[in-house]
Amino acid sequence: MEIDPELLDPSTRYKLLIGSVVPRPIAFVSSLSPEGVVNLAPFSYFNAVGHKPLALMFSVSRKPDGSDKDTLRNVRPPSEGGTGEYVINLAIASYAHQVAECAEPLPYGESEFDYVNLSTAPSRVIKPPRVAESPVAFECRTLQIVPVGEFSMVIGQVVHLFVRDDVLSENNRIDADKLGAIGRMAGYEYCHTGDRFEIPNGLPKPPSV
């Protein structure tokens, strides 16, 4: 089947996208409103940008009424009414249900931390707190917000990194089994990251003549 995405309704595009681009890592973003309320929300349009500088991105859709979601309002620079700071916490198996619960909308000014069994821990460099239970947390400052249709791609530079001791080896490598990260599939499905395999890099040698 050959498909022109512009001829599809948005719902069909969405289903094809999230069913094909799998698994997707999940940014569990904690941010702070200018009034001091902590927001916590998951985003599965998320990935690394690069390491020089260390930068991450996540993409935010609009609310059904067309307004900005709370996270986007908070991470906008101060000149646009936000704080320009946030933490990307990891989504892991031990609190997978809380990740899903935080996807439910709350009125602006209410904190997800008041409803789910997770706690905050102070960040070192920025004001928004991290999720205390997260084994890895990236403290970020917003570099750029790129509008893409009805979405906003938030690009942030990591200004501080928290890694829990038990998931970090002596050579600064993350132990994936101890990390226990989960990924997003389509619908209500998630996946574990424990089933892995290795493939060496490089092209095969050409056959000898």
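The present account deals with the structure reproduced in this document.

**Examining the sheet that holds strand β1 (residues 27–32)**
Taken together, the 7 strands give an open sheet; going across it, the order is β2-β1-β5-β8-β9-β4-β3, and neighbouring strands pair in antiparallel fashion. Every interior strand has two partners, whereas the edge strands, β2 (38–43) and β3 (46–51), have only one. Between one strand axis and the next, the sheet turns through 35° on average, direction left out of account. Of the strand pairs in this sheet, strand β8 (residues 136–148) and strand β9 (residues 151–163) are connected by 12 bridges, and their pairing is antiparallel.

**Some words on the pattern of salt bridges**
Enumeration over the complete set of coordinates arrives at 6 salt bridges. In this structure, the salt-bridge partner of D70 is K63, at a minimum N-O distance of 3.4 Å. By relative accessible area, D70 is classed as buried at 8%. With relative accessibility at 26%, the residue K63 sits in the partly exposed group. Taken together, the salt bridges that share partners define one network made up of D68, R76 and E80.

**Looking at the packing of aromatic side chains**
Here the structure, examined in full by the defined rule, presents 4 aromatic pairs. Note on F43 and F58: the rings are 5.2 Å apart at their centroids and 40° apart in plane angle, and the pair reads as tilted. Taken together, the positions of F43 in strand β2 and F58 in strand β4 (residues 54–61) put the pair 15 residues apart, joining distant regions of the chain. Like F58, F43 is buried. Summarising the aromatic geometry, the rings of Y45 and F151 are spaced 5.8 Å apart at their centres and angled 45° between planes, so their arrangement reads as tilted. Taken as a pair, Y45 in the loop between β2 and β3 and F151 in strand β9 lie far apart in primary sequence, 106 residues in all.

**Examining the environment of Q98**
With respect to the element layout, Q98 can be found in helix α3 (residues 96–101). Spatially, the C-alpha atom of Q98 lies 22 Å from that of M57, the residues being 41 residues apart in sequence. Residues within four places of Q98 in sequence aside, it is in contact with F28, V116, N117 and L118.

**Some details on the pairing of β2**
The element β2 is extensively covered by neighbouring structure, given that 6 of its 6 residues are classed as buried. Alternating residues of β2 divide into V38, L40 and P42 and N39, A41 and F43, and every residue in both groups is buried. Note that β1 and β2 share 6 bridges and pair antiparallel. Residue pairing across strands places S31 opposite N39, the latter belonging to β2. Following β1, the chain reverses through 5 residues before pairing antiparallel with β2; G36 in that reversal takes a positive phi of roughly 95°.

The rules we used
All residue numbers refer to position in the chain's written sequence, counted from 1. In keeping with the model being predicted, local features are shown solely for residues with a pLDDT of at least 70 and side-chain atom pairs are shown and tallied solely at 80 or more, while totals for entire chains, interfaces and linings include all residues. Just so you know, side-chain values use all the structure's heavy atoms and leave hydrogens and water out. Strand pairing requires that DSSP identify at least two bridges connecting the strands. Elements are defined by DSSP. Helices are runs of H or I of four residues or more, strands are runs of E of two residues or more, and each kind is numbered from the N terminus. Every axis in this analysis is a line fitted to C-alpha atoms, fitted for helices over the stretch in contact. Angles between the N-to-C directions lie between 0 and 180 degrees. The term salt bridge refers to a pairing of a side-chain nitrogen on Lys or Arg with a carboxyl oxygen on Asp or Glu at a separation within 4 Å. Per-residue accessibility, obtained with a 1.4 Å probe over protein chains only, is compared with the maximum for each type, and a residue is labelled buried under 20%, exposed over 50%, and partly exposed between these values. Aromatic rings from Phe, Tyr and Trp, taking only the six-membered ring of Trp, are treated as a pair when their centres fall within 6.5 Å; an angle between ring planes under 30 degrees marks them as stacked, one over 60 as edge-to-face, and anything in between as tilted. Here a residue-residue contact requires only that any non-hydrogen atoms of the pair lie within 4.5 Å.

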